[in-house]
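# Descriptive analysis of the structure
Okay, here's what each chain looks like letter by letter:
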Amino acid sequence: MKNITRLCSTKATVTVNGKFPGPTIYAREDDTLLIKVVNQVHYNLTIHWHGVKQIRTGWADGPAYITQCPIQPGKSYVYNFTVTDQRGTLFWHAHILWLRATVHGAIVILPKLALPYPFPNPQKEILIILGEWWKSDVEAVVDEATQLGLPPNISDAHTINGLPGPVSTCLSQEGFTFLVEPGKKYLLRIVNAALNEELFFKIAGHKLTVVEVDSSYVKPFKADTILTTPGQTTNVILSADLGTGKYLMVTSPYMDSPILVNNRTATATLQYVGTNTSSTTTTLTVPPPTNATPIAIKFMDSLRSLNSRKYPAKVPLTIDHSLFFTISLGLNPCESCYRGFRIVAAINNVTFVMPSVSLLNAHFFNKSGVFTDDFPGNPAYTFDYTGIPPENLRTMEGTRLYRLAYNSNVQVIMQDTGLLSPENHPMHLHGFNFFVVGRGRGNFDPEEDPKKFNLVDPVERNTINAPSGGWVAIRFRANNPGIWFLHCHLEVHTTWGLKMAFVVDNGNGPEESLLPPPKDLPTC
Ligand code: C2O
């Protein structure tokens, strides 16, 4: 714990190595990482290496009770994994409670030695971590919410590299300043580590060339504004060719929902080396409005896999498991709650119940009674998903998983519903990157929509929005044995149960199977 002051108030904060945001991990593709996590706080803890595929090393993935029991106070665990078949920017974060609010940091995976980037080599790099800050203790905010059954408080500020910028009423709060040298090209590694907000990001006077998302190269394109959901990472090239001056960098929420509006903007400064700081005023820029869906769609539509000879897009062309998931909020009875209900969230009307022991352990050692593998691959009945909600907003509760055969091809259509509230849901899959083959507004049409799928160069990533009042289609190959979490990366929705997990069978031999658990794996 460390005392940190933001917005004129100080609170004891969970940090890693005393830092917020936490330290950056630098690795090279094919490196094996050994990361010892020592828990010195009074919370149970796990760390997730978000976007790392963890081929055969599910024990190191990190979501509490899914792939491991938490590291208890005073205990430690060595995460041992190899980063392979991916390069770029990812991040790590706590994967228990809401600790990831302050327990997060970047992972930089450099390409293999002597292997250049597929774009002109940037001379320098800048790391930009977007986040959120609560004045009060985040765990207390969540407890209050879950006990009352109401939505938890929104954060008090957004942050860029941990600082809200001078937009806050606290004059002592300076924002972050990024110094750039005129004429140089910078690789900006942008991480959205916020808990509950999709964010726009832009820099006054500069266009950004997008080159990679979620550790996978894309066809470069220029954009004024970046859109990034919690769990997504975006690499862009910035040409520092304005020579001199100070330019405002802004991040602000994108929220395509009629009921929740929050427009807190965090700012930082891009400053050219040699600029006379006292006589130069900062060139300003205005962030897009909170509901700027056309800007969001334009950005998402521009994303395509690089799909070069060296980096081909290996899109599954056939499907073994065809799944249709509805994503919704609901209300379940709760005696101790305000009005007798609590808000829940569900996939195919199943609200996931967290087990009290590790699912991966139960799977590996064949323990029964921890989970069932009967998660419904389709909703129980069809309705106008974007229309008026049926009266009954009750969900089923259970620890139900969906079983995938090793090396099978999987397609999942994720359909947002208007139940309670239409909202974007940034869905994150552990253990894989997937291809985003289609996206649309309204109800998914199983006859017509698949004809328009992009099976050539769809973007490959680990987190994608199921859009408000619409659907998204993803495909992946289940070539990684283990238990893999799929959940909304808005922490508030995860808390309400917007999550499920896949169990992927072992392959046909030791080379294809999950490795045995490490000796120091925590027990529950
Ligand atoms: Cu970044 Cu399951 O999380």
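What you see is a predicted model; the values in this text were computed from it and never measured.

About the criteria used
Residues numbered from 1 in each chain as written. Predicted model: local features only at pLDDT ≥ 70, side-chain atom pairs only at ≥ 80, totals over all residues. Heavy atoms only, no water. Core = buried A, V, L, I, M, F, W, Y, C linked by side-chain atoms within 4.5 Å. Buried < 20%, exposed > 50% of the residue type's maximum accessible area, 1.4 Å probe, protein only. Domains from an automatic or database assignment. Contact = heavy atoms within 4.5 Å. Helix = DSSP H or I, 4+ residues; strand = E, 2+ residues; numbered from the N terminus. Arc of directions from axis to C-beta. Disulfide = S-S within 2.5 Å. Polar contact = N/O pair within 3.5 Å; in protein donor to acceptor, adjacent residues only side chain to side chain. Pairing = 2+ DSSP bridges. Axes fitted to C-alpha atoms, helices over the stretch in contact; angles between N-to-C directions. Phe/Tyr/Trp six-rings, centres within 6.5 Å; stacked < 30°, edge-to-face > 60°. Lys NZ or Arg CZ within 6 Å of the ring centre and 35° of its normal. Buried area = accessible area lost by both parts, 1.4 Å probe. Salt bridge = Lys/Arg side-chain N within 4 Å of Asp/Glu carboxyl O. Nonpolar A, V, L, I, M, F, W, Y, C, P; charged D, E, K, R; others polar.

What follows is about the nonpolar core. Ile128, Leu188, Phe325, Met414 and Phe502 are the most contacted members of the largest nonpolar core, which totals 81 residues. When residues are assigned to domains, this core turns out to be shared by domain 2 (117-311) and domain 3 (321-512), each giving three or more. Excluding its chain neighbours within four sequence positions, the residues that come into contact with Phe502 are Leu323, Phe325, Tyr402, Leu404, Val412, Leu429, Phe476, Gly482, Ile483, Trp484 and Leu486.

With that settled, the discussion passes to the environment of Met354. By secondary structure assignment, the location of Met354 is in the loop between β23 (350-352) and α3 (359-364). Separated by 16 residues in the primary sequence, Met354 and Val370 place their C-alpha atoms 9.9 Å from one another. Once residues lying within four places of it in the same chain are set aside, the contact partners of Met354 are Ala64, Tyr65, Ile66, Phe485 and Lys499.

Taken residue by residue, helix α2 (residues 293-302) has Thr293, Ala296, Phe299 and Met300 as its buried positions. The buried side chains of α2 occupy one side of the element, clustering within an arc of 130° when seen end-on. More than 90 degrees from the buried face of α2, the exposed residues found are Pro294 and Lys298.

If you walk through the whole model with that rule in mind, you get 2 disulfides. Disulfide pairing is shown between Cys69 and Cys524; the S-S distance is 1.9 Å. Judged by the sign of its S-S torsion, about -100°, the cystine formed by Cys69 and Cys524 is left-handed. One end of the pair, Cys69, is in the loop between β5 (47-50) and β6 (76-82); the other, Cys524, is in the segment after β33 (499-504), and 455 residues separate them in sequence. Between the sulfur of Cys334 and that of Cys337 lies a disulfide, 2.0 Å long from S to S. The sign of the S-S torsion, about 70°, decides the handedness of the disulfide formed by Cys334 and Cys337: right-handed. With a relative accessible area of 13%, Cys334 lands in the buried category. Of the residues examined, Cys337 reaches a relative accessible area of 7% and is grouped as buried.

Its place among the elements puts His206 in the loop between β13 (198-203) and β14 (208-213). What makes His206 buried here is its relative accessible area of 5%. For His206, the side chain forms a polar contact with the side chain of Tyr272, separated by 2.8 Å. The residues contacting His206, other than those within four sequence positions of it, are Leu238, Ser239, Leu242, Tyr247, Leu270 and Tyr272.

Glancing now at the sheet that holds strand β12 (residues 185-192). Within the open sheet, the 6 strands sit side by side as β10-β9-β12-β17-β14-β15. Their pairing is mixed. At either margin of the open sheet sits one strand with a lone partner, and together these are β10 (157-160) and β15 (216-223). Strand-to-strand twist across the sheet, computed as the mean angle between neighbouring axes with direction ignored, equals 20°. The pairing of β12 with strand β17 (residues 233-239) spans 7 bridges and is classified as antiparallel. Each bridged residue has a counterpart across the sheet, and for Ile190 the counterpart in β17 is Thr234.

Counted by the stated rule, this structure contains 28 aromatic pairs. Here Tyr381 and Phe383 contribute two aromatic rings whose centre-to-centre distance is 5.7 Å and whose plane-to-plane angle is 45°, an arrangement assigned as tilted. Under the relative-accessibility criterion, Tyr381 is labelled partly exposed at 48%. Considering the side-chain rings of Phe444 and Trp471, the 4.9 Å spacing of their centres and the 75° angle between planes classify their relative orientation as edge-to-face. Taken together, the positions of Phe444 in the loop between β28 (434-441) and β29 (460-461) and Trp471 in strand β31 (residues 470-477) put the pair 27 residues apart, joining distant regions of the chain. Note on Trp471: relative accessible area 3%, which makes it buried. The structure contains a cluster of three or more aromatic residues connected by ring pairs, namely Phe324, Tyr381, Phe383, Tyr385, Phe444, Phe453 and Trp471. The lysine or arginine in question, Arg6, covers the ring of Trp133, its NZ or CZ lying 5.7 Å from the ring centre. Positioned above the aromatic ring of Trp133 is the side chain of Lys11, whose terminal nitrogen or guanidinium carbon lies 4.4 Å from the ring centre.

Its domain assignment divides the protein chain into domain 1 (1-116), domain 2 (117-311) and domain 3 (321-512). Inter-centroid distance (C-alpha atoms) of domain 1 to domain 3 is 24 Å. With 24 residues of domain 1 in contact, the opposing surface of domain 3 contributes 30 residues. At the boundary of domain 1 with domain 3, total buried surface from both sides reaches about 2,100 Å², with 60% on carbon and sulfur atoms. Run the count over domain 1 and domain 3 and you get 1 salt bridge. Applying the counting rule to domain 1 against domain 3 returns 20 residue pairs in polar contact (both at pLDDT 80 or more). Ranked by the residues each element gives to the side of domain 1 that touches domain 3, the list is headed by strand β7 (residues 88-94), at 3 residues. In terms of residue class, the side of domain 1 that touches domain 3 is made up of 11 nonpolar, 9 polar and 4 charged.

Attention shifts here to the sheet that holds strand β32 (residues 482-488). Ordered by their spatial adjacency, 5 strands build an open sheet running β25-β33-β32-β27-β30, and the pairing between neighbours is mixed. Single-partner strands in this sheet number two, and they are β25 (401-404) and β30 (463-466). Across the sheet, the axes of successive neighbouring strands diverge by a mean angle of 25°, strand direction being ignored. Pairing of strand β27 (residues 425-429) with β30, which is carried by 4 bridges, proceeds in the antiparallel orientation. The residue of β30 that forms the bridge with Pro426 is Asn465.

So, about the pattern of salt bridges. One side chain can pair with another of opposite charge once the charged atoms of both are near each other. In this structure the tally under the stated criterion is 19 salt bridges. One salt bridge in this structure joins Asp301 and Arg439, with 2.6 Å as the shortest N-O distance. Taken as a pair, Asp301 in helix α2 and Arg439 in strand β28 lie far apart in primary sequence, 138 residues in all. Residue Asp301 is classed as partly exposed on the basis of its relative accessible area of 45%. Looking at Arg439, the relative accessible area reads 25%, which means it is partly exposed. Overlapping salt bridges bring together Lys124, Glu181 and Lys184 as one network.

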